[in-house]
There are 2 protein chains.
Amino acid sequence: MSKAYEDRIRNAALRSRVVSAAEASELIEDGMVVGMSGFTRSGEAKAVPLALAERAKTIPIKITLMTGASLGNDLDKILAEAHVTARRIPFQSDPGLRRLINAGEVMFIDQHLSETVEQLRTHQLPLPDIAVVEAVAITRDGGIIPSTSVGNSASFAILAKKVIVEININQPLGLEGLHDIYIPTYRPNRMPIPIVAPDSRVGLPYIPIPPEKIAAIVVTEKADSTATINPPDDDTRAIAGHLIDFLKHEVTKGYLDDRLNPLQAGIGTIANAVLHGLIDSPFHDLKMYSEVLQDSTFDLMDAGKMTFASGSSITLSAQKYVDVLSRLGEFKSRLILRPQEISNHPEVVRRLGLIAINTALEFDIYGNVNSTHTTGTNMMNGIGGSGDFARNAYLSIFVTKSIAKGGAISSVVPMVSHVDHTEHDVDILVTEVGLADLRGLAPRERAPLIIRNCVHPAYRPALMDYFTRAKAMGGHTPHVLEEALSWHIRLRDTGRMA
Amino acid sequence: MSKAYEDRIRNAALRSRVVSAAEASELIEDGMVVGMSGFTRSGEAKAVPLALAERAKTIPIKITLMTGASLGNDLDKILAEAHVTARRIPFQSDPGLRRLINAGEVMFIDQHLSETVEQLRTHQLPLPDIAVVEAVAITRDGGIIPSTSVGNSASFAILAKKVIVEININQPLGLEGLHDIYIPTYRPNRMPIPIVAPDSRVGLPYIPIPPEKIAAIVVTEKADSTATINPPDDDTRAIAGHLIDFLKHEVTKGYLDDRLNPLQAGIGTIANAVLHGLIDSPFHDLKMYSEVLQDSTFDLMDAGKMTFASGSSITLSAQKYVDVLSRLGEFKSRLILRPQEISNHPEVVRRLGLIAINTALEFDIYGNVNSTHTTGTNMMNGIGGSGDFARNAYLSIFVTKSIAKGGAISSVVPMVSHVDHTEHDVDILVTEVGLADLRGLAPRERAPLIIRNCVHPAYRPALMDYFTRAKAMGGHTPHVLEEALSWHIRLRDTGRMA
């Protein structure tokens, strides 16, 4: 084995296990459960899954694929279209895979991201036969130092019988020391998770496994996929404005101080724009306790607004990726990457009192939120961590534009066609139109507020008419059942809700 | 003041504050927010609310009424019908109040029971102006020793400007020492809740408030309402049987040991019957970490099957009430009553790995559960603690009979008309027909299993037909939107689902 990898494979005995991706992929057999690294398209194993898809062209291989969250480099598409992915857990965001899920060809188990390894540890899901984990290095004791995400990699490696490590020599060694690997103790003697602030370090900087479990090492060099973040537009700026005005008002009332509570933000353009908006806000010394750290996190740090960020992955645009990875030394003392079980853990989320900002696909006039399904049936991506945060946050905020597809779709409907977050878990709704603060309100009080403050003017009269007629029929949560899903039926049949 | 209360009012200075219920009720003014003790019809303040309803006959008094959960002694009915209750938080179960909620006359904020005081503490709900708390005694330092429930009484008393204490001389002094009052520390320095087992004692045996906050003391003697628990019937016995068989199977596989994990059970006949079923099971050394302790808890203790129970209230049938209160000394070392914030806390529920058994009003073929609404619009009781437990439990189990109203209603429907527990939070469904284990299954796999194992034979063909036609239309969660709520529409219009 070349000396070039000595700093990456520090356990000398393990250097003999370096093989090609094709050879390593042969450890994965038809019918296996495979746990792969990767969370929001960062830090995924890159070479072995490709080799597996290649092998599947000649012999049928079907696996249950578990990851942290979505995979980059089109791997979810490639594996699905090669018919390797028979079952997929717990999240995805790939159009190709989505198509096969909605056609009923791939069984997708859409889970709260904090729960997958809890269910593995208690045998409620089948244990992974093998784990495939991207790393920047292996320690002398066989410890795996992850790259740009932790996701579920630690528990996968600990629980699997065998582990394949992909050493990615283009992921900088400077990532070492960023990770904090903490695994909850086993029941019935489980102890409190000792995290009391976003910057609490409570674990190890590597995944501790016995070196003999590492069955193969593959050296790779492909970069993470970069994120396509749409630039802020008038609507996302308006959403950010409404939310920041609201937070300022909470500070004025003395309910928050101007450092706010730790922030969580879902992935995507709107949440990124909202965080960006904080650069020009009066808030300071901000902290994040989130799952994905996007461009805005580092922009807030560079602007001197944010002092610390804890997440499970770093997912950046092309330009930011180069910038951040080249200045890792500068950021490292202000960053922690944790297992997603811990970044999203209900215990820690409730303790820290997060301000949680997530994106809704649609919400209804009573505050129920759909994050996953179009017209009640087709899966988009999955619930991800939004439920982990929304349920236990201090403030559970959902943001969306009031309309989609040029106005053909209203994001506010009489009744959501699928519920991911119930009315009990939603505090604040924001669109570019305005903000509705639902706290302490009954359903009949929420509806007119949501209609007035969040609905696009083109849909406002129709929704108010629905609510008025529903209210006349009575009930705690008035509905005209015949019409409750009629907007979705019209959308399905005509491509427009009205 | 009579010497008779010296053992009940141990702070001598406070004895001068004893007044009549009518006098005490005058501390409550129109427009106030009032926090009252009471959880699942036990330990509620009894005299002051009655006096308040009486006063409201001559002058208009409207209040926001917050409690632990439901009130006994018809107080929710009396206060609502006297038009005292303008807003009600966070739970109720009274037919009279329910009627006014569904008519839109009382605004009801239906909350997770763990969250109310969290929202008070952070000013997300208006703070109580006054708290009215039933107690068995007041300590020398002014500490309030609750009676048969803790509920939200501790935080109400701590956060309110004034406190009225109802000393109920018929609640035995033997209840002293049963309570464990722990209040989470304030953010940003909140520490882990140190409970690591159902029997962890981490707080004080009384509610600590400065004695000068006690504005009035009323001496009462009315008993708690007793619970009407229907005796087990063939259906509830069958439900218990299916669930116990399942648990035995989990033990056989080595996933649980025969002491099981700590149990939680919702209130009501079915959950009580399931727990009763454990008396004749091979399980032993059982523990509960629940909110309500019902007859079955004490029967399990008497049968030598249960060693410890932690809850927030004790709600018993008439016969059991007399029996348990007369043998308190015997039970006390095996019981703790906690604030509902702690009995239901996501942090502790996840840590302990509960087996959570709650009752569904209806569920759908994909595993979404409705616990609160009939025909999508009318409130029954509220979500209560079911969401606190279901989301974070090790096993989230929902039970119900497969049909209601002599077969006019199927408890399993194409799409629930209101979602309280999403598909992501439901592991096991049980009816008298059988049990469906949904863990690790995609929606298309769950539907045939639920239809086969849980649906009444009279409704099975229609549901299978619905699923077959929906599946032909495609989607991750196939639905025929036009028909998704048609069973509820038929029920509303004809009184029958089919």
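Look up: the structure comes first, before these words.
Please read these numbers as outputs of a predicted model, since none were measured by experiment.

This paragraph deals with the overall build of chain A. Looking only at helices and strands, one finds 18 helices and 25 strands in chain A. Taking 498 residues into account, the globule formula puts the C-alpha radius of gyration at 23 Å, and chain A, at 23 Å, falls close to it. C-alpha extents for chain A along the principal axes are approximately 75 × 50 × 45 Å. Relative to its 498 residues, chain A shows a buried fraction of 66%. Of the contacts made within chain A by residues no fewer than 6 positions apart, 73% connect residues no fewer than 24 positions apart. Just so you have it, chain A exposes about 15,500 Å², and 53% of that area is on carbon and sulfur atoms. One way to put it: in chain A the 50 positive side-chain charges average out to a point 1 Å from where the 57 negative ones average out.

Once that is clear, we can look at the sheet that holds strand 23 (residues 412–413) of chain A. Residue and element names in this part refer to chain A. The strand order across the open sheet built from three strands is 17-16-23, with neighbouring strands paired in mixed fashion. Every interior strand has two partners, whereas the edge strands, strand 17 (369–370) and strand 23, have only one. Judged from the two bridges that link them, strand 16 (residues 362–364) and strand 17 form a sheet pairing that is antiparallel. Paired with Glu 362 across the bridge in strand 17 is Asn 370.

Before going further, it helps to spend a moment on the sheet that holds strand 23 (residues 412–413) of chain B. Pairing is mixed across the open sheet formed by three strands, whose spatial order is 17-16-23 (chain B). Edge strands, defined here as strands with exactly one partner in the open sheet, are strand 17 (369–370) and strand 23 of chain B.

Those residues of helix 18 (residues 486–494) of chain B not exposed but buried are Ser 486, Trp 487, His 488, Ile 489 and Leu 491 of chain B. On the buried face of helix 18 of chain B, the contacting elements are helix 17 (481–484) of chain A together with strand 16 (362–364), strand 22 (409–410), strand 23, helix 16 (460–473) and helix 17 (481–484) of chain B. Following helix 18 of chain B by one or two positions, Gly 495 of chain B has its phi on the positive side, about 80°.

Here the focus is the relation of the copies chain B and chain A. Note on the identical chains: chain B maps onto chain A by a rotation of 180° and an axial translation of 0.0 Å, with an RMSD of 0.0 Å. Here the transformation between the copies is reduced to the relation of a two-fold axis. By C-alpha distance to the rotation axis, the residue of chain B lying nearest is Glu 347 of chain B, at 2.1 Å.

A word on the packing of helix 7 (residues 234–252) of chain A against helix 8 (residues 269–277) of chain A. Residues and elements named next belong to chain A. Put simply, helix 7 and helix 8 touch, their axes get as near as 8 Å, and they point 55° apart. The angle between helix 7 and helix 8 falls in the class oblique. Handedness of the crossing formed by helix 7 with helix 8: right-handed. Here helix 7 contributes Thr 236, Ile 239, Ala 240, Leu 243 and Ile 244 to the contact with helix 8, which in turn contributes Ile 270, Ala 273, Val 274 and Gly 277. Its residues placed into classes, the contact of helix 7 with helix 8 shows seven nonpolar, two polar and no charged.

Moving on, we get to the packing of aromatic side chains. Residues and elements named next belong to chain A. Following the criterion strictly, the structure yields six aromatic pairs over all chains and no others. Look at Tyr 366 and Phe 467: their rings are 6.4 Å apart centre to centre, the planes differ by 70°, and that puts the pair in the edge-to-face class. With Tyr 366 in the loop between strand 16 and strand 17 and Phe 467 in helix 16 (residues 460–473), this residue pair connects regions lying 101 residues apart in the sequence. Grouping residues by exposure puts Tyr 366 and Phe 467 together as buried. Look at Tyr 459 and Trp 487: their rings are 5.6 Å apart centre to centre, the planes differ by 35°, and that puts the pair in the tilted class. Of this pair, Tyr 459 sits in the loop between helix 15 (443–454) and helix 16 while Trp 487 sits in helix 18 (residues 486–494), and the two are 28 residues apart along the sequence. Residues Tyr 459 and Trp 487 agree in their burial class; the two are buried.

This next bit is on the interface of chain B and chain A. Frequently, the measure chosen for interface size is the accessible area that the parts lose on association. Listed as interface residues are 79 residues of chain B and, on the opposing side, 79 residues of chain A. Between chain B and chain A lies a buried interface of about 6,600 Å² when both sides are counted; carbon and sulfur atoms form 53% of it. For the pair chain B and chain A, the interface holds eight salt bridges. Among the ionic pairs, Arg 351 of chain A bridges to Glu 347 of chain B, the shortest N-O distance being 3.0 Å. Across the contact surface, chain B and chain A share 40 residue pairs in polar contact (both at pLDDT 80 or more). Broken down by element, the side of chain B that touches chain A gets its largest block of residues, five residues, from helix 13 (residues 346–352) of chain B. When grouped by side-chain class, the residues that make up the side of chain B that touches chain A number 29 nonpolar, 29 polar and 21 charged.

Residue and element names in this part refer to chain B. Taking burial as the measure, the nine residues of helix 8 (residues 269–277) include seven buried ones, the bulk of the element. For helix 8, the complete set of buried residues consists of Thr 269, Ile 270, Ala 271, Asn 272, Ala 273, Val 274 and Leu 275. In this structure, the buried side of helix 8 is in contact with helix 7 (234–252), strand 9 (263–265), strand 10 (286–289), helix 9 (295–302), strand 15 (355–359) and strand 20 (395–399).

Moving on, we come to the pattern of salt bridges. Scanning all chains against the criterion turns up 72 salt bridges over all chains. A salt bridge links Asp 234 of chain B to Arg 237 of chain B; its shortest N-O distance comes to 3.3 Å. You can see Asp 234 of chain B and its partner Arg 237 of chain B sitting in helix 7, three residues apart, about one turn around the helix. The class for Asp 234 of chain B is exposed, based on a relative accessible area of 60%. When the shortest N-O distance is used, the salt bridge between Asp 465 of chain B and Arg 469 of chain B registers 3.1 Å. Here Arg 469 of chain B and Asp 465 of chain B lie together in helix 16, a separation of four residues that amounts to about one turn. Looking at Arg 469 of chain B, the relative accessible area reads 33%, which means it is partly exposed. Beyond isolated ion pairs, a larger network of salt bridges with shared partners links Asp 299, Asp 302, Lys 320, Asp 323, Arg 327 and Glu 330 of chain A.

What follows covers the pairing of strand 3 (residues 85–89) of chain A. Residue and element names in this part refer to chain A. Burial within strand 3 is extensive, with four of its five residues counted as buried. Judged from the four bridges that link them, strand 2 (residues 63–66) and strand 3 form a sheet pairing that is parallel. Looking at strand 3, one finds that Met 66 is bridged to Ile 89. Bridging between strand 3 and strand 4 (residues 107–108) involves two bridges; their strand directions are parallel. Looking at strand 4, one finds that Arg 88 is bridged to Phe 108.

Reading the values: the criteria
- Every chain is numbered independently, its residues counted from 1 as its sequence is written.
- Chain letters and ligand numbers both follow the written order, the letters beginning at A and the numbers at 1.
- Local features in a predicted model are, by the rule used here, given only for residues with pLDDT of at least 70; side-chain atom pairs are given and counted only at 80 or more, and totals for whole chains, interfaces and linings are based on all residues.
- Hydrogen atoms and water are omitted, and side-chain values are computed over all heavy atoms in the structure.
- Elements are defined by DSSP. Helices are runs of H or I of four residues or more, strands are runs of E of two residues or more, and each kind is numbered from the N terminus.
- Note on method: radius of gyration uses C-alpha positions; expected globular size equals 2.2 Å times residues raised to 0.38.
- Each residue is placed in one exposure class: buried if its accessible area under a 1.4 Å probe, protein chains only, is under 20% of its type's maximum, exposed if it is over 50%, and partly exposed if it falls in between.
- Residue contacts are defined here by distance: any two heavy atoms, one from each residue, within 4.5 Å place the two residues in contact.
- For accessible areas, the Shrake-Rupley method is used with a probe of radius 1.4 Å. Any residue's cover is judged against the shown protein chains and nothing else.
- His is not counted here, nor are the chain ends, while Lys and Arg score as positive and Asp and Glu score as negative.
- Here the site of a charge means NZ on Lys, CZ on Arg, CG on Asp, or CD on Glu.
- For two strands to pair, DSSP has to find at least two bridges joining them.
- Least squares is the method used to superpose the copies, on C-alpha atoms of residues holding a pLDDT of at least 70 in both.
- Axis definition: a line fit to C-alpha positions, over the contact stretch in the case of helices; interaxial angles, taken between N-to-C directions, run 0 to 180 degrees.
- Angles below 35 degrees are treated as roughly parallel, those above 145 as roughly antiparallel, those between 65 and 115 as roughly perpendicular, and all remaining angles as oblique.
- Left-handed describes a crossing whose near helix is turned anticlockwise from the far helix by less than a right angle; the clockwise case is right-handed.
- Under the convention adopted here, Pro, Cys and the residues Ala, Val, Leu, Ile, Met, Phe, Trp and Tyr are nonpolar, Asp, Glu, Lys and Arg are charged, and Gly plus all remaining residues are polar.
- For Phe, Tyr and Trp, rings pair up if their centres lie within 6.5 Å, where Trp contributes its six-membered ring, and each pair is then called stacked (planes under 30 degrees apart), edge-to-face (over 60) or tilted (otherwise).
- Using a 1.4 Å probe, buried area is obtained as the accessible area two parts lose upon being combined, added over both of them.
- The working definition used for a salt bridge is a side-chain nitrogen of Lys or Arg within 4 Å of a carboxyl oxygen of Asp or Glu.
- Polar contacts here mean pairs of N or O atoms no more than 3.5 Å apart (in protein, one a potential hydrogen donor and the other a potential acceptor; neighbouring residues in sequence count only if both atoms are side-chain atoms).

By themselves, these observations are geometric and do not establish any function.
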